[in-house]
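Breakdown of the fold
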Amino acid sequence: MSAPTLLILYGSQTGTAQDTAERIGRQAQRRRMQVRVEALDIYNVANLISETLVVFVCSTTGQGDPPDNMKNFWRFVFRKSLPAGSLCRLDYAVLGLGDSSYPRFNFVAKKLHKRLMQLGASVLLPVGLADDQHDLGADGVIDPWITSFWEKVLSLYPPPAGQSPIRDDEPLPPRYVFQFVDDVTENVADRLRVPQQPISPSPTHPFLAKVVFNERVTKASHFQDVRHIEFDITGSSIEFTAGDVVLMRPSNTRENVEQFCQLLRLDPDRQFTLSPTNSATCSIPARLAQPCTVRCLAETFLDIAAVPRRSFFELLATFATDEREREKLAEFSSAQGQDELHSYCNRPRRTALEVLTDFPHTTAELSVDYLLDLFPEIQPRSFSIASSLQAHPNRIQILLAVVQYKTKMYLPRKGLCSSWLASLDPRLGDVFVPLWVKKGSMKFPKDPETPVVMVGPGTGVAPFRAALQERIAQGKTANVLFFGCRSQSKDFYCSAEWEEMVKAGQLTLFTAFSRDQEDKIYVQQRVKEQAVLLWDLIVNKNAYFYIAGNAKQMPTAVCDALKEGFRSQGGMSSSQADEMLVAMERAGRFQSETWS
């Protein structure tokens with residue numbers, strides 16, 4: 001029986017699920033199968049009833065939410081009107097990418113698997129639940145799962161006699177062919193394909209917002225540079241409420257773009273157009289202008305300064321002609337070489353450009369046609385909006401922690417987006433950032449009498465600043481904020497604003513400055529100390545409770561402190577306190593937004 005076309009659908013927030021889907025797609029090509037790889041929201045989900053072989057690769061975001069590029073699919077597939085046997089022709093496999101440090105580990109993959117079975121589809125093998133916390137990272141689950149997947153598929157659809165797979169050291173055709181053209185005048189609007197007609201801002205049509213304010217809010221002596229940045233969104237038609245999120249794609253530094261062009265011997269001002277090698281399975285990226293310069297491609301599209309994934313080394317290995325470089329790249333590409341790759345690349349956070357520098361002979365062999373196969377697209381970064389339109393019309397404000405740290409590498413490691421944003425100085429001239437907004441996971445109560453309790457240490461306070469501005473403008477004054485940082489004098493963000501709100505009777509504030517005394521004090525201790533107040537607000541006044549901030553120990557510690565208050569004030573057992581918090585979460589009265 002000849003193999004059907006393999007369809008690989010992915011839902012990806014940061015690009016990892018997309019990379020994994022494309023990796024399975026390349027393996028299918030090497031097995032000479034017909035294959036299509038698409039984002040779930042690009043795929044016409046109505047065609048699913050006629051598919052016979054599909055792999056779903058999906059990550060889980062936030063508090064068990066689907067990624068942005070599978071939300072339309074998610075809504076469709078969970079329609080109650082879909083007949084129970086509508087997918088009876090479909091053989092499928094689900095590979096989930098998650099992090100077990102989050103409470104709803106791989107929730108999307110598990111729920112999708114159950115729904116596909118309800119609709120009559122047949123599962124080929126158990127759901128793969130990749131875990132970033134695994135000793136070998138996500139590949140510790142992905143590698144054996146993919147091996148099992150191919151064993152199952154090839155047992156169902158054996159290849160024709162005499163047909164051998166394409167060798168791993170042989171390059172597959174590139175997805176695109178570059179065609180260099182004569183010079184054409186380029187401007188910023190062309191680069192980003194910003195539409196001339198009014199349109200709702202989106203990932204493919206962002207709004208170019210002017211940066212009007214960019215100031216450091218931590219003392220110069222403090223180790224962490226945190227910025228308060230304001231964008232002018234006049235004329236954008238953007239609307240948002242407290243808890244919503246602003247997204248933006250950063251640009252690479254001029255120095256990295258120059259190094260990229262030098263390493264690959266490319267003229268940055270040369271113009272090109274792209275043609276897909278197979279228009280049936282691949283289309284031109286929507287936000288790349290045609291024609292485009294090499295500089296624009298390297299600056300705004302290719303993620304050249306990221307820590308490369310394993311797929312980067314797999315493709316590089318196919319170009320290697322130098323024996324030593326080929327052996328090393330083959331090792332980094334193999335399942336057995338992942339410890340070595342982790343030590344070389346992930347642990348020191350070595351960038352793709354630094355890798356190319358380490359493999360000069362292979363870099364010299366690279367064909368320009370493979371650039372979009374080798375480098376992933378720059379992914380958007382999301383930030384909690386730290387302001388309300390009711391207090392700051394036509395403005396979006398964020399609190400941004402600038403990422404910079406040392407590893408064994410000579411140069412400090414820098415976060416691409418935070419360093420880029422921090423470098424934009426509106427005092428030196430007009431600067432613009434392409435951005436758009438999406439709904440956040442946090443929802444605040446409409447009833448003006450309902451109290452809200454917010455726990456937001458560090459930049460986790462950002463969405464609560466938006467909520468307080470919005471609620472106070474609406475006359476809602478039952479607001480409690482727990483804020484924590486290292487030092488009252490160095491990183492107490494928005495302290496003057498909180499003081500004004502407290503004086504006006506609009507806020508009850510509790511602070512924890514962990515390094516201002518010998519014994520460290522954190523927000524969870526303040527929550528524990530206020531057990532009487534919190535019990536009264538939650539039980540007698542139906543309060544909502546929110547947590548935002550770093551996902552390491554803080555959220556769990558705050559939940560433990562809250563449950564301890566339930567036990568001490570309500571005379572509850574441990575299991576009853578657990579059940580009470582679960583019931584609050586189900587009712588939307590306990591919400592958290594955390595990040596790693």
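Here, the structure is the one placed above.
Rules used throughout
Counting restarts for each chain: residues are numbered from 1 in the order of the written sequence. Local features in this predicted model are restricted to residues of pLDDT 70 or higher, and side-chain atom pairs are both shown and tallied only at a pLDDT of 80 or more, whereas totals for entire chains, interfaces and linings draw on every residue. As a rule here, side-chain values cover all heavy atoms of the structure and leave hydrogens and water aside. In this analysis, the protein atoms alone were mapped onto a 1 Å grid. Cavities are point sets where a 1.4 Å probe fits without being able to get out; pockets are open sets with protein on both sides within 12 Å along at least five of seven lines; lining residues have an atom within 4 Å of a point. Grid points are joined across faces, edges and corners, and a volume is the space filled by probe spheres set on the points. Secondary structure follows DSSP: runs of H or I at least 4 residues long count as helices, runs of E at least 2 residues long count as strands, and numbering of each begins at the N terminus. Following the grouping adopted for this structure description, the nonpolar residues are Ala, Val, Leu, Ile, Met, Phe, Trp, Tyr, Cys and Pro, the charged ones are Asp, Glu, Lys and Arg, and the polar ones are all others, Gly among them. Should a side-chain nitrogen of Lys or Arg be within 4 Å of a carboxyl oxygen of Asp or Glu, the pair is scored as a salt bridge. Throughout, exposure labels follow a simple rule: accessible area from a 1.4 Å probe, protein chains only, divided by the maximum for the residue type, with under 20% read as buried, over 50% as exposed, and the rest as partly exposed. As a rule, the C-alpha atoms of each element are fitted with a line to give its axis, helices using only the stretch in contact, and angles between N-to-C directions run from 0 to 180 degrees. These descriptions rest on fixed angle ranges, namely under 35 degrees for roughly parallel, over 145 for roughly antiparallel, 65 to 115 for roughly perpendicular, and the rest for oblique. Whether two residues touch is decided by their heavy atoms; if any such pair falls within 4.5 Å, the residues are in contact. In this scheme, strands are said to pair when DSSP sees at least two bridges between them. Working definition: rings of Phe, Tyr and Trp (its six-membered ring) pair if their centres are within 6.5 Å, and the pair is stacked with planes under 30 degrees apart, edge-to-face with planes over 60 apart, and tilted otherwise. Two conditions define a charge located above a ring, namely a distance within 6 Å from the ring centre to NZ of Lys or CZ of Arg, and an angle within 35 degrees of the ring normal. Among the buried residues, those of types Ala, Val, Leu, Ile, Met, Phe, Trp, Tyr and Cys that are joined through side-chain atoms within 4.5 Å form a nonpolar core.

What the rule picks out here adds up to two cavities of 30 Å³ or more. In this structure, the second largest cavity occupies an estimated 50 Å³ of space. Forming the boundary of the second largest cavity are Val527, Ala531, Leu534, Trp535, Ala561, Leu562, Gly565 and Phe566. Elements with a contribution of two residues or more to the lining of the second largest cavity: α18 (531-540) and α19 (554-570). Here the lining of the second largest cavity gets four residues from one element, more than from any other, and that element is α19. The residue inventory of the lining of the second largest cavity, partitioned by class, reads seven nonpolar, one polar and no charged.

Proximity of charged atoms lets side chains of opposite charge pair with each other. This model, assessed by the stated rule, comprises 38 salt bridges. A salt bridge links Arg295 to Asp269, with the nearest nitrogen and oxygen atoms 2.3 Å apart. Taken together, the residues span a long stretch of sequence, with Arg295 in helix α7 (residues 294-300) and Asp269 in the loop between α6 (254-263) and β11 (271-276) at a distance of 26 residues. Residue Arg295 is classed as partly exposed on the basis of its relative accessible area of 31%. Between Glu529 and Arg526 there is a salt bridge, with its nearest N and O atoms 3.1 Å apart. Placement of both Glu529 and Arg526 in helix α17 (residues 523-529) is noted, with a separation of three residues, approximately one turn of the helix. Members of the salt-bridge network, linked through shared partners, are Arg23, Arg26, Asp139, Asp143, Arg310 and Glu314.

As a packed pair, helix α9 (residues 323-333) and helix α10 (residues 338-346) sit with axes 7 Å apart at the nearest point and diverge in direction by 105 degrees. Looking at the two axes, α9 sits roughly perpendicular to α10. For the pair α9 and α10, contact is made by Lys328, Glu331, Phe332 and Ser333 and by Gln338, Glu340, Leu341 and Tyr344, respectively. In the contact of α9 with α10, the residues fall into three nonpolar, two polar and three charged.

Here we have three strands laid out as an open sheet, ordered β7-β11-β12, and antiparallel in their pairing. The open sheet has two edge strands, β7 (176-181) and β12 (292-293), and neither has a second partner. Across six bridges, the pairing between β7 and β11 is antiparallel. Residue pairing in the sheet places Val181 in a bridge with Gln271 of β11.

Counted according to the given criterion, the structure contains 24 aromatic pairs. Judged by centre distance (5.4 Å) and plane angle (25 degrees), the ring pair of Phe483 and Phe492 falls under stacked. Summarising the burial analysis for this pair, Phe483 and Phe492 share the class buried. The ring centre of Phe107 lies 5.0 Å from the NZ or CZ of Arg104, which sits over that ring. The aromatic ring of Phe78 is capped on one face by Lys111, whose charged end is 5.1 Å from the ring centroid.

Strand order in the open sheet formed by six strands is β13-β10-β17-β8-β9-β14, with antiparallel pairing between adjacent strands. Each of the sheet's edge strands pairs with one partner strand only, and the pair in question is β13 (381-384) and β14 (395-401). Averaged over all adjacent pairs, the angle separating strand axes in this sheet is 40 degrees, with direction ignored. Running at roughly 120 degrees to β14, helix α14 (residues 416-423) makes contact with β8 (207-216), β9 (226-232), β10 (245-248), β13, β14 and β17 (432-438) of the sheet.

Let us now look at the environment of Pro171. Here Pro171 is to be found in the loop between α4 (139-156) and β7. Looking at Pro171, the relative accessible area reads 33%, which means it is partly exposed. Sequence separation between Pro171 and Ala317 is 146 residues; the distance between their C-alpha atoms is 8.8 Å. For Pro171, the residues in contact, after removing those within four places along its chain, are Thr318 and Tyr370.

Within the largest apolar cluster, 43 residues are counted, with the highest numbers of intra-cluster contacts made by Phe260, Leu297, Leu371, Leu372 and Phe375. Here this core gets six residues from one element, more than from any other, and that element is helix α8 (residues 310-319). Excluding its chain neighbours within four sequence positions, the residues that come into contact with Leu371 are Phe178, Phe260, Leu264, Leu266, Leu297 and Leu302.

On to the side chain of Ser388. Note on placement: Ser388 falls in the loop between β13 and β14. Residues contacting Ser388, with those up to four places away along its chain left out, are Phe240, Ala466, Gln469 and Glu470.

To continue, consider the packing of α18 against α19. Describing two packed helices takes the angle between their axes plus the distance from one axis to the other. It is the contact of α18 with α19, at a shortest axis distance of 9 Å, that shows an interaxial angle of 85 degrees. Between α18 and α19, the crossing angle belongs to the class labelled roughly perpendicular. Contacts between α18 and α19 involve Ala531, Val532, Leu534, Trp535 and Ile538 from the first element and Leu562, Gly565, Phe566, Ser568, Gln569 and Gly570 from the second. A class-by-class count of the residues in the contact of α18 with α19 yields seven nonpolar, four polar and no charged.

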